[in-house]
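Take a look at the letters that make up each chain.
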Amino acid sequence: MSKVRVGDSVNLETSLGPKLLLSNPIMNASGVGGFSTELSGYVDQTSLGAFVTKSLAVFETKGNPAPRVSGAGAAMINSVGLTGPGIRRWREVHLPNLERERVSTVVSIWGRSIDDYRKAIDELVGVSDVVKAIEVNVSCPNIEDRNKMFAHSTEAVAEVLRATRGIGLPRYVKLSPNTHLLEEIIDTSAVEGADGVVLINTVMGLEIDYQTLLPSLGAKGGGLSGPAVHQVALRAIYEAYSRHPNLPIIGVGGVSSARAVIELAAAGASAIQIGTASFVDPKVFSKVLSELPIEMGRLGFTRFRDLVGASHRGGVAALRVD
Ligand SMILES: Cc1cc2nc3c(=O)[nH]c(=O)nc-3n(C[C@H](O)[C@H](O)[C@H](O)COP(=O)(O)O)c2cc1C
């Protein structure tokens, strides 16, 4: 591999396994871009590797009581909850916008029981050619297991993966960092046929309002996101890649710059999602997309693919073979 100069052309193409090729690795994170073209005032959504919907269930949901978001030091904490119109209504009302704009879309799904996941998939069979993949969000309470998070149980994640087979689209399971079982759950995801893993969902947290000394969010607990979780994501991705170098990883956590994209990719992520940073600057997607080739060129990379997992192959030093 030869070194490149800043400005040389850089290839951002990436793949998430044999079934999904992306023109570039940048996506929005589920929950920060609405259900269809809400981001279109800030970014040409067709310029993203893919657009990810907020998680959808078979039923309509209202989410948690207000207040639902708060700035939390170097992070943000939210208890928005999984509010949404339900898949049937999403297909009627939101999907046509994505079809009209030809936006490559990843549909994120969730449920409260294994059967909810099965029904979600049933309602998506034959959905539309703009839908390229399914993200299976398992960070939600399982009513059949005393409301324990699916994502915190190896068996529950396995069951969800078995229940969501048969759609004919690649499925990426979005895992939680809030469990000591994460490595085992990554192994199980690979065994149960997930096409990849999405790492990480938010870190469980709680904020106390210093005026009232009460929890500041309506739901009390919430999910921490933003810069403070970046290193948590790096660790999870690094471990996943070490264990399964051929299992595609979508990295998410605290990304607001090309540098953070490069770090997650070097740890092992083949695509990168941006969440909280888009609340600070909704144009962050375009900013990162334009910075990325320049930063890659500075480090000597001409292809994004070569960056994926570079930390496991000697890093930048391994490029210096000239
Ligand atoms: C307001 C908000 C809503 C979110 N909603 C969802 C969701 O519906 N489904 C999901 O899988 N993750 C959801 N997430 C988690 C993000 O997709 C992402 O995993 C997490 O925020 C870490 O990335 P970030 O640091 O770039 O925000 C949400 C995050 C935020 C801040």
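Definitions and limits used
- Residues numbered from 1 in each chain as written.
- Predicted model: local features only at pLDDT ≥ 70, side-chain atom pairs only at ≥ 80, totals over all residues.
- Heavy atoms only, no water.
- Buried < 20%, exposed > 50% of the residue type's maximum accessible area, 1.4 Å probe, protein only.
- Helix = DSSP H or I, 4+ residues; strand = E, 2+ residues; numbered from the N terminus.
- Contact = heavy atoms within 4.5 Å.
- Core = buried A, V, L, I, M, F, W, Y, C linked by side-chain atoms within 4.5 Å.
- Pairing = 2+ DSSP bridges.
- Right-handed = clockwise from strand over helix to strand, strands pointing away.
- Axes fitted to C-alpha atoms, helices over the stretch in contact; angles between N-to-C directions.
- Parallel < 35°, antiparallel > 145°, perpendicular 65-115°, else oblique.
- Left-handed = near helix turned anticlockwise from the far one by under 90°.
- Nonpolar A, V, L, I, M, F, W, Y, C, P; charged D, E, K, R; others polar.
- Near = heavy atom within 4 Å.
- Polar contact = N/O pair within 3.5 Å; in protein donor to acceptor, adjacent residues only side chain to side chain.
- Areas by Shrake-Rupley, 256 points an atom, 1.4 Å probe, with all protein chains shown as cover.
- 1 Å grid on protein atoms, 1.4 Å probe; cavity = no way out; pocket = protein on both sides within 12 Å on 5 of 7 lines; lining within 4 Å.
- Points joined across faces, edges and corners; volume = space filled by probe spheres on them.

Caption draft 1: How the structure looks around helix α3 (residues 114-124). All of the buried residues in α3 are Ile114, Asp116, Tyr117, Ala120, Ile121, Glu123 and Leu124. Residues of α3 that are buried make contact with α1 (87-93), β7 (105-109), β8 (131-137) and α4 (154-163). Downstream of α3 by a residue or two, Gly126 has a phi angle that is positive, lying close to 70 degrees.

Caption draft 2: Molecular detail of the nonpolar core. Counting 85 residues, the largest nonpolar core has Ile26, Trp90, Val138, Leu175 and Leu199 as its most contacted members. With eight residues, the single largest contributor to this core is helix α7 (residues 258-267). Excluding residues within four positions of it along the chain, Ile26 makes contact with Leu48, Gly49, Ala50, Val261, Ile272, Ile274, Phe285, Val288, Leu289 and Leu292. Among the nonpolar cores identified, the runner-up in size contains 14 residues, and Leu16, Leu22, Ala133 and Ala271 belong to it.

Caption draft 3: Representation of unusual backbone geometry within the structure. Cis geometry is adopted by the peptide bond preceding Pro67, which originates at Ala66 and carries an omega value of -10 degrees. Topologically, Pro67 is positioned in the loop between β4 (51-52) and β5 (69-72). Backbone torsion omega between Leu199 and Ile200 reads 15 degrees, so that peptide bond is classified as cis. Mapped onto the elements of the fold, Ile200 is located in the loop between β12 (196-199) and β13 (203-206). Not every positive phi belongs to a glycine, and Arg102 is a case in point at roughly 55 degrees.

Caption draft 4: Quick look at the pairing of strand β11 (residues 171-174). In β11, alternate side chains face the same way, and those of Arg171 and Val173 on one face and Tyr172 and Lys174 on the other are all buried. In the sheet, β8 pairs with β11 via four bridges, with the strands oriented parallel. Bridged to Ile134 within β11 is Arg171. Judged from the three bridges that link them, β11 and β12 form a sheet pairing that is parallel. Following the sheet pairing, Val173 is matched in β12 by Val197. Since β11 and β12 lie parallel, the crossover through helix α5 (residues 182-191) that links them has a hand, and here it is right-handed.

Caption draft 5: Focus on the packing of α4 against α5. Running from N to C, α4 and α5 cross one another at 25 degrees; their axes reach a closest spacing of 9 Å. The orientation of α4 relative to α5 falls into the category roughly parallel. Handedness of the crossing formed by α4 with α5: right-handed. Across the interface between the two elements, Thr154, Val157, Ala158 and Leu161 from α4 touch Glu184, Ile185, Thr188 and Ser189 from α5. Each residue belonging to the contact of α4 with α5 can be placed in one class, and the counts come to four nonpolar, three polar and one charged.

Caption draft 6: Geometry of the packing of α3 against α4. Here α3 crosses α4 at 25 degrees, and the two axes come no closer than 8 Å. Relative to α4, the element α3 lies roughly parallel. As α3 runs across α4, the sense of the crossing is right-handed. Taken together, the residues of α4 that come into contact with α3 (itself represented by Ile114, Tyr117 and Arg118) are Ala156, Glu159, Val160 and Ala163. Across the contact of α3 with α4, the residue classes tally to five nonpolar, no polar and two charged.

Caption draft 7: Main features of the site of the ligand. With respect to spatial proximity, 23 residues lie near the ligand, and among them Ser30, Ser55, Lys174, Gly254 and Thr276 are the closest. Lys54 places a polar side-chain atom, nitrogen or oxygen, 2.8 Å from an oxygen atom of the ligand. Taking Gly226, its main chain carries an N or O atom lying 2.8 Å from an oxygen atom of the ligand. Notes on the ligand: free accessible area 610 Å², of which the protein chains cover 96%. For the shell around the ligand, the residue count by class is eight nonpolar, 13 polar and two charged.

Caption draft 8: Broad picture of the layout of surface pockets. Its boundaries defined by the atoms lining it, the second largest pocket holds a volume of some 180 Å³. Lining the second largest pocket are Thr14, Ser15, Gly17, Tyr241, Pro245, Asn246, Leu247, Pro248, Gly268, Ser270, Arg305 and Val308. Residues of the lining of the second largest pocket, tallied by class, amount to five nonpolar, six polar and one charged.

Caption draft 9: The arrangement of the sheet that holds strand β18 (residues 271-274) in detail. Across the sheet, eight strands lie side by side as β3-β18-β17-β12-β11-β8-β7-β4; this open sheet has parallel pairing. Only two strands of the sheet have a single neighbouring strand rather than two, namely β3 (26-28) and β4. Pairing of β7 with β8, which is carried by five bridges, proceeds in the parallel orientation. Bridge pairing links Val107 to Ile134 in β8. Packing against the sheet, helix α6 (residues 230-243) makes contact with β12 and β17 (249-252), and its axis sits at approximately 170 degrees to β17.

Caption draft 10: The arrangement of the side chain of Ser139 in detail. Counting through the fold element by element, Ser139 comes out in the loop between β8 and β9 (141-142). Polar side-chain contacts of Ser139 include one of 3.4 Å to the side chain of Asn201. Filtering out sequence-adjacent residues up to four positions away, Ser139 remains in contact with Leu82, Met149, Ala151, Ser176 and Asn201.

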